[in-house]
Amino acid sequence: MAAAEPKTVEKTTTRGGPKKPSQIKGLFEGLWVTLRALTSRSQVVQYPHVKEEPHQRARGVIGLLEENCTVCMLCARECPDWCIYIEGHKERREPRREGGKPRTVQVLDRFDIDFALCMYCGICVEVCPFDALHWSPEYEYSELEIRDLIHDKDRLGYWDTTKPPAPRLGYYKAAK
Amino acid sequence: MTSVQSHLSASFAAHLADAQVAVEIETPEMTLNIGPQHPSTHGVFRLIAKVDGERVTEVEPVLGYMHRGYEKLCEVRTYAQVTALVNRLDWLSGYCNEIPFILSAEKLMGIEAPPRVQYIRTILSELARQATFLVFLGSFGIELGALTPFFHTMRDREKVLDLLESVTGGRFHPNFNRVGGILDDLPPGFVEECAAVMDDVDKMCDQVDALLFGNDIFRERTLGVGVIPLDKGLEYGVSGANIRASGCAADVRRDEPYLVYDEVDFDVVTDTRGDAFARAYCRLQETRESTRIVRQCLKALPSGPIMAKVPKVIQVPPGEVYVRAENPLGEMGYYLVSRGGRIPYRVKVRTASFNNVSVLPWLLEGVFMPDLIAILGSLYFILGDVDR
Amino acid sequence: MNWWAFVLRLLVIAALIPAAAYVLGYTFLKVLAHMQYRLGPMEAGRFHGVGQLLADGLKFLQKEDLVPDKADRPVFLFAPAVVLVGVVLVFMTIPFGPPPLNIVNLDSQLFVMLAASSLGTIGVLMAGWSSANKYSMMGGFRAAGQLLAYELPLILAAVGVVMQAGTLNLDGIVEAQSQFHLFGTAIPIPYVIPQIIGFVVFVIASQAELSQAPFDMPFAESELVAGFTTEYSGFRYLFFFLAEFASNFAFAAIGATLFLGGYWVPLVPEKALWIVGPIALAVKIGVLVFIFFWMRSTYPRLREDQLQRFAWKWLIPIALVNIGLTGVLKVVA
């Protein structure tokens, strides 16, 4: 940024000098505020009965689209707290065309995310080169036991079905 | 002889509890451990206070219960990962923590983010500032015994956090900045929604003004309490609204403009009294200034790309740089040393709360117990920011 | 009075205390919540959380009755009972309706009532002292200092009413209000109009006696954790809880009787007062309790020294002036 002449001015707060006489009025102003709050509508959502719609971009839980995953381990490497556990093996497949060479493909055996460790930074979703990981705004997956927070690839696959319709393409529909 | 002794020991045994309490009262000074788990310290902060009745004679703050070693962690994380980490320093304004770090990395790389990014960053950091100050205005009321302002300000803070979430996906820890830009553009409809929320925040400021600052009891409790004289404040390195309330118009946003603060019009709110009231009132006024800044940015928001041209793998050339920014709690700075490569060599974080807390032993000498709570509240520190 | 009639009334009182505490506690939760844009309890008891306090009470009963090792055991165990007994005594002196509907009818009934209302102070001090906890002790001392300081303006405010009515008997005071015509108004008016200063002093002082914000330093959760109740758990804590809201009811009843005409309603024939009287008293108590809760949910708390200064420098002189004014008016009128 070019150093422009600052337009800001200083302003000293004026309210309430120490010697200012008591304002009994102030006591009633406060009572008036609470009375208005009492008579206005309450602003809470009765959670289990009524649910707030989470934002489309809300980072609720990570979903895995298994067929996109090539076991490249980028997400596991980039994760700041190493909460992604991936195991895979190589398999030989029939050649695509007749007379072609047989292929080797990576098959995913295990893809676990430990949501007790995850800090929801979104780096894994970002670095995935094949768009196998997505954010879903779902948030209701608390558990009684901490070990149940390790979601395996089936559970992550289910979360993937709850992701918002349009994946990250710059613009979303209006959030609410 | 023995019967007397046995009688004595029996009576001692019977009244052990009495004796214990009595001895504690007779001592001229009672040691009171405030914390590490005490409702008014906002986390694990411990004050060893020597009290004489209701008067505090000596205070020793004990820090470090929440030390998470972030500076060390930063040395083994890539730049993108560090952004996620520094969100957690001052957890109430996570977005503001990212700004100076990203700016320092950009400075070393010689990249400048496109103008639209600068504006969006400014808007989001001001939103985070408002959210933080709304928490302050509410929790300061709680410390002084008024429960209601807390819920009132929380209502509007929720709206502000909703805005942040609709852009970044995270309410507290956005992790939205990347070196050279931001992750995503503003969602459609954001500008209108944001302008409406700014009106709400302004209304809430008026409401809190009536509920707390006009109230005689509140004024009695805070006026003249915990005065930090300007020279003492500067000696201890107090920053933010705490020093502005003592009469020093130090605001990094104006003194060393970063982002687009040199293009918007806002006032640096100061006060001369330096007491708890002044500190709280400065923050209230700054919330109003903040909504002003956001409105101007929304109006002037340019179009354009949201990412500068950066290499796919962020590698920062060798060098060192110090970038500071005006965070809600005060001045925050990152001293970044790079020896090239994907990870920083050393990151030193200057957090505002740590310096603000350092004034406590001097400030709390000879105050009353209830004032101690009021002063702690008015300094407004976050333990994650103190202990790092 | 027959002994069985007395026992019957005692039983009614024994049932009334938890009932009053329940209704007031629920009202408090709801008033506080709505003043904070919340709904308050909504789940327990199906309809708007009416069963919330019952659930809370049952929870307290299940909890272990902990006594700290270094506590003064007998005093610690006895303190909640002392607090509750004070409230029971106040309830016994409240005139709920025309003569047969009150428990006792003494010439110095108001005196007994105010004396009983200050009995709780001893219980609070006992609780604070015996807990062997620094926060408890500070809370207990704060409570004792505060309750002593505000006893005086409370009584002085009542003295104005006593002078105007010319009796200490509460039925007499109600009767005097039913015959009081200020400047020859057509309908008799309650003492809240002529004794408006006394009424304001009374409301403020009873707020302090009840240890509610802005006078809740004995609890001061941000400083003293929970004041003198810090170490209590289980049903002993429930006792304090009951006493808190029951004494809210009791002080509102005293105020309603002294200043708002008690069970008496203008233009209602004397015979109908048997039924209308208690209802009218309940409504008047409701109004006063709402004022208490309203102040409680709006104001921050004062500091200990400011509280004492307020009592001795402002409330007591004002109450004394009120007494003087009442005397002058009494002689002139």
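Predicted model, so just to flag it, every value in this text is computed and none were measured. (Residues numbered from 1 in each chain as written. Chains lettered and ligands numbered in written order. Predicted model: local features only at pLDDT ≥ 70, side-chain atom pairs only at ≥ 80, totals over all residues. Heavy atoms only, no water.)

Enquirer: Give a description of the overall build of chain C that names residues and reports values.
Expert: Looking only at helices and strands, chain C features 12 helices and 0 strands. The secondary structure elements of chain C, listed N-terminal to C-terminal, are α-α-α-α-α-α-α-α-α-α-α-α. Relative to a compact globule of 333 residues, whose C-alpha radius of gyration would be 20 Å, chain C shows 20 Å and is just as compact. If you line up chain C on its principal axes, its C-alpha atoms span 65 × 45 × 45 Å. Going through the 333 residues of chain C one by one, you find that 56% of them count as buried. Partitioning the contacts of chain C with sequence separation of at least 6, the portion at a separation of at least 24 is 77%. Within the structure as shown, chain C displays about 13,900 Å² of accessible surface, and the carbon and sulfur contribution to it stands at 74%. In chain C, 19 side chains carry a positive charge and 19 a negative one; their mean positions are 4 Å apart. (Helix = DSSP H or I, 4+ residues; strand = E, 2+ residues; numbered from the N terminus. Rg over C-alpha atoms; globule rule 2.2 N^0.38 Å. Buried < 20%, exposed > 50% of the residue type's maximum accessible area, 1.4 Å probe, protein only. Contact = heavy atoms within 4.5 Å. Areas by Shrake-Rupley, 256 points an atom, 1.4 Å probe, with all protein chains shown as cover. Lys, Arg positive; Asp, Glu negative; His and termini not counted. Charge placed at Lys NZ, Arg CZ, Asp CG, Glu CD.)

Enquirer: Now, about the pairing of strand β7 (residues 319-327) of chain B: what can you tell me, with residues and values included?
Expert: Residue and element names in this part refer to chain B. Bridge count between β7 and strand β8 (residues 330-338): 9 bridges; the pairing is antiparallel. Across the sheet, Arg324 pairs through a bridge with Gly333, a residue of β8. Following β7, the chain reverses through 2 residues before pairing antiparallel with β8. (Pairing = 2+ DSSP bridges.)

Enquirer: Tell me about the interface of chain B and chain C, and name the residues and values.
Expert: In this complex, chain B contributes 39 residues to the contact, which on the side of chain C involves 31 residues. Between chain B and chain C lies a buried interface of about 3,200 Å² when both sides are counted; carbon and sulfur atoms form 61% of it. Counting across the chain B and chain C interface gives 1 salt bridge. Taking the shortest distance from any N to any O, the salt bridge between Asp371 of chain B and Arg303 of chain C comes out at 2.9 Å. Viewed at the interface, chain C and chain B are joined by 7 residue pairs in polar contact (both at pLDDT 80 or more). Sorting the residues of the side of chain B that touches chain C by element identifies α2 (16-26), β1 (30-34), α6 (115-143), α7 (148-168), α8 (190-213), α9 (216-222) and α16 (369-379) of chain B as the ones contributing at least two each. For the side of chain B that touches chain C, the element with the most residues is α2 of chain B, which contributes 6 residues. (Buried area = accessible area lost by both parts, 1.4 Å probe. Salt bridge = Lys/Arg side-chain N within 4 Å of Asp/Glu carboxyl O. Polar contact = N/O pair within 3.5 Å; in protein donor to acceptor, adjacent residues only side chain to side chain.)

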